[in-house]
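Structural overview
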Amino acid sequence: MLNLQDYTCPVCGKPFAPGDDVVVCPECGAPHHRECWKQSGRCAFAASHGTAAQWRPFLKKEDDDAWVCRNCGTVNPLGSPACSKCGCAFEEPEPPRPEEQQPPVDPAVFAPPYTPYGEVPSDGVVDGEAAMDMATFLGPRAGYYLPRFQYMEQSRNPLSWNWAAALFPVEWLLYRKMRRLSALMLAIFLVLSLPSLAMIVLCAQTVVSDPDALRSFLSRGEISAESIPVWLLVSSQIASFLSLSLRGVMGIRANDWYRQHTKRLMGKIREECPEPLVQRYALAKKGGVSVVSVVLYLIILTAVFAFAGAAAILTYLA
């Protein structure tokens, strides 16, 4: 939209003021005072309509059809070979460096200090996706995952060890926004923890109800195995083994599951946001990590244990 105060009427030469009755030419868009238009009966620039000299609004630096001279700063129409003021030749702008991309991506992710899986160039392709776009989606520690994803694609080997996923499976999944899998993993670990929880409750009841068991527990830290059913001991051992095995599976397969999650969401974002810049911001928003999810999970977990402990103490005192 024209800011009329930047222009003058081509007929009377007076600048436009707020409240002036103004008409614009339907051919070129040149503004005129209505009375001036009536006097001349046509556009003051009618002779140049359809030519390169046709009237055009002032260009601004942010306009898509303009370029700024690197020598004098004059704004020129896109397509003109040289600056209209100083004659400096037009040059194509250099593509932005990785650190200048929007949203910004740390260039260090494409040159990690050491990785046995090789480096990934910033203009490369990883598993069918542009490395820059994938780095935008991955967010923190993209330099760790990009080479591994590239290795998995090239070697067709889905196995790659991830210590964080093995030691903190639910927390890692929440952190990487794999919420459905984190809910499933949490449910499995809760089921596997039931035998151990049952043993703790049974031992607590035994200590509270049996003075001899309490003295044995206080002096030697032991409780008679006779107070615990064999099936519960066996179940607890099996559950512990399965829990440890599940952590091992997470450590081996987590990177591949994350790679599949990344490709699926990136494909969905590409379909929903075809415009490149909007797409990159969508990748950064829907990808990345979620510290808030991990903090909320830990708060809830702490509250549950605190509530259970308080309930046990109140039961003992009663």
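Data block above holds the structure.
All values reported here derive from a predicted model rather than from experimental measurement. (Residues numbered from 1 in each chain as written. Predicted model: local features only at pLDDT ≥ 70, side-chain atom pairs only at ≥ 80, totals over all residues. Heavy atoms only, no water.)

1. Description of the side chain of Ser243
Relative to the elements of secondary structure, Ser243 occurs in helix α8 (residues 230-272). With near-sequence residues (within four places) excluded, Ser243 lies in contact with Phe189 and Leu192. (Helix = DSSP H or I, 4+ residues; strand = E, 2+ residues; numbered from the N terminus. Contact = heavy atoms within 4.5 Å.)

2. Some points on helix α2 (residues 131-138)
One turn of an α-helix holds 3.6 residues; hence residues three or four places apart share an orientation. The buried fraction of α2 amounts to eight of the eight residues, a majority that puts the element mostly inside the structure. All of the buried residues in α2 are Ala131, Met132, Asp133, Met134, Ala135, Thr136, Phe137 and Leu138. The inward-facing, buried residues of α2 abut β5 (125-126), β6 (129-130), α3 (142-155), α8 and α9 (276-286). Of the residues flanking the end of α2, it is Gly139, one or two places downstream, whose phi is positive at about 70 degrees. (Buried < 20%, exposed > 50% of the residue type's maximum accessible area, 1.4 Å probe, protein only.)

3. A closer look at unusual backbone geometry
The phi dihedral of Asp127 falls on the positive side, at around 55 degrees, and the residue is not glycine. Checked against the element boundaries, Asp127 lands in the loop between β5 and β6. What makes Asp127 buried here is its relative accessible area of 11%. Residues other than glycine seldom take positive phi values, yet Arg141 does so here, at roughly 65 degrees. Take Arg141: its relative accessible area is 55%, and that puts it in the exposed class.

4. Brief notes about the nonpolar core
Counting 36 residues, the largest nonpolar core has Phe110, Leu138, Leu146, Phe149 and Trp172 as its most contacted members. Among the elements of the structure, α2, α3, α5 (169-175), α6 (179-209), α8, α9 and α10 (291-317) are those that each provide at least two residues to this core. When sequence neighbours within four positions are dropped, the list of residues in contact with Trp172 reads Tyr145, Asn162, Ala164, Ala165, Met178, Met250, Ala254 and Tyr258. The next biggest cluster of nonpolar side chains, apart from the first, holds nine residues, and it includes Cys9, Cys25, Ala30 and Cys43. (Core = buried A, V, L, I, M, F, W, Y, C linked by side-chain atoms within 4.5 Å.)

None of the figures reported here should be taken as evidence of function without further support.
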